[in-house]
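Coordinate analysis (summary)
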Amino acid sequence: QPLARVRGVRRHGARLRGAGARMAEARVARGLPPVLPRRARVLVLGSFPGVASLAARQYYAHPRNHFWPVMGAILGEPLATLPYAGRLARLAARGVALWDTIVACEREGSGDQAIRNAVRAEVARVRRASPGIVAVAFNGNTAARAAPRWREAGYATLALPSTSPAYARPLAEKVAAWRALEAWL
């Protein structure tokens, strides 16, 4: 699946390529395809996949990222122990969709602070693919910067603490905060 309509990629392509010398070491990266089950009720948006996730072509692939243990605790499912396809199937069965607020950007490394020339995810694409989504949860502060756009589109929004290993909080604290999703599951 394309991550953005061809027209959108073309429109932003020059901006992605035109950073010149100041971004000489940064690489243009495209994110992962969205996971948008037709019957989803909640969309979890990260910022942009890290190097480990891009290499594995899997959301939250870094072994120290708390996303799968957090969602497993909330859903009462052993997500962290399942193969990736099984994780996605369990999320879909529970009405959870995944994507990122940024579908392409220039970035060196995995840090959100290094993101430049971002191309944003399309709200309309989510609405078409998963019309039952009523709430959008943002995994971390960088992702949450997109909340106003999603709120204006009529979604309930929820900013949650990052599950990234860079956000050094105990797993129990993250699980407690993420339990706010239960209202929509």
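In short, a report on the structure. (Residues numbered from 1 in each chain as written. Predicted model: local features only at pLDDT ≥ 70, side-chain atom pairs only at ≥ 80, totals over all residues. Heavy atoms only, no water.)

So, the overall build of the protein
Broken down by element type, the protein carries 8 helices and 7 strands. Among the 185 residues that make up the protein, the fraction classed as buried is 49%. By sequence separation, contacts in the protein at least 24 residues apart represent 66% of the contacts at least 6 residues apart. Counting every atom, the protein has about 9,300 Å² of accessible surface; 53% of that belongs to carbon and sulfur. (Helix = DSSP H or I, 4+ residues; strand = E, 2+ residues; numbered from the N terminus. Buried < 20%, exposed > 50% of the residue type's maximum accessible area, 1.4 Å probe, protein only. Contact = heavy atoms within 4.5 Å. Areas by Shrake-Rupley, 256 points an atom, 1.4 Å probe, with all protein chains shown as cover.)

Considerations on the nonpolar core
With 53 residues, the main nonpolar core has Leu-43, Val-44, Met-71, Leu-98 and Trp-150 as its most contacted residues. The residues touching Leu-98, leaving out its near neighbours within four places in the chain, are Pro-34, Val-35, Leu-43, Val-44, Tyr-59, Tyr-60, Phe-67, Trp-68, Leu-88 and Leu-91. (Core = buried A, V, L, I, M, F, W, Y, C linked by side-chain atoms within 4.5 Å.)

Considering the pattern of salt bridges
Summed over all chains, the structure comprises 4 salt bridges. When the shortest N-O distance is used, the salt bridge between Glu-173 and Arg-169 registers 3.5 Å. When its relative accessible area of 45% is taken as the criterion, Glu-173 is described as partly exposed. Taking the shortest distance from any N to any O, the salt bridge between Arg-179 and Glu-182 comes out at 2.7 Å. For Arg-179, a relative accessible area of 33% translates into the label partly exposed. Judged by its relative accessible area of 37%, Glu-182 falls in the partly exposed class. Because the salt bridges share partners, they merge into one network encompassing Glu-77, Arg-90 and Arg-94. (Salt bridge = Lys/Arg side-chain N within 4 Å of Asp/Glu carboxyl O.)

Focus: the packing of helix H3 (residues 67-75) against helix H4 (residues 84-93)
Between H3 and H4, the shortest axis-to-axis distance is 12 Å and the interhelical angle comes to 40°. Accordingly, the angle class assigned to the pair H3 and H4 is oblique. Where H3 crosses over H4, the handedness of that crossing is left-handed. Along the contact surface, H3 presents Phe-67, Trp-68, Met-71 and Leu-75, while H4 presents Tyr-84, Arg-87, Leu-88 and Leu-91. Of the residues in the contact of H3 with H4, the class split is 7 nonpolar, no polar and 1 charged. (Axes fitted to C-alpha atoms, helices over the stretch in contact; angles between N-to-C directions. Parallel < 35°, antiparallel > 145°, perpendicular 65-115°, else oblique. Left-handed = near helix turned anticlockwise from the far one by under 90°. Nonpolar A, V, L, I, M, F, W, Y, C, P; charged D, E, K, R; others polar.)

Some details on unusual backbone geometry
At Tyr-60, a residue that is not glycine, the phi angle is positive and equals roughly 55°. Relative to the elements of secondary structure, Tyr-60 occurs in the loop between helix H2 (51-56) and H3. A positive phi angle, near 50°, is found at Asn-117, a position not held by glycine. Mapped onto the secondary structure, Asn-117 falls in strand S5 (residues 116-120).

Some remarks on the packing of H3 against helix H8 (residues 171-178)
Taken N-terminus to C-terminus, the directions of H3 and H8 make an angle of 55°; their axes are 9 Å apart at the nearest point. By the angle class used here, H3 and H8 are oblique. For the pair H3 and H8, the crossing hand works out as right-handed. Residue-level contacts link Phe-67, Pro-69, Val-70, Met-71, Ala-73 and Ile-74 of H3 to Leu-171, Lys-174, Val-175 and Trp-178 of H8. Each residue belonging to the contact of H3 with H8 can be placed in one class, and the counts come to 9 nonpolar, no polar and 1 charged.

Considerations on the sheet that holds strand S7 (residues 156-160)
Overall, parallel pairing links the 4 strands, which are arranged S3-S2-S6-S7 in an open sheet. The open sheet is flanked by strand S3 (96-100) and S7, the only strands paired with a single partner. Each neighbouring strand pair of the sheet contributes to a mean axis angle of 25°, computed without reference to strand direction. Taken together, the 4 bridges between strand S2 (residues 42-46) and strand S6 (residues 135-139) define a ladder with parallel strand orientation. Bridging from a neighbouring strand, Val-42 pairs with Ala-135 of S6. (Pairing = 2+ DSSP bridges.)

These results come straight from atomic positions and should not be treated as a statement about function.
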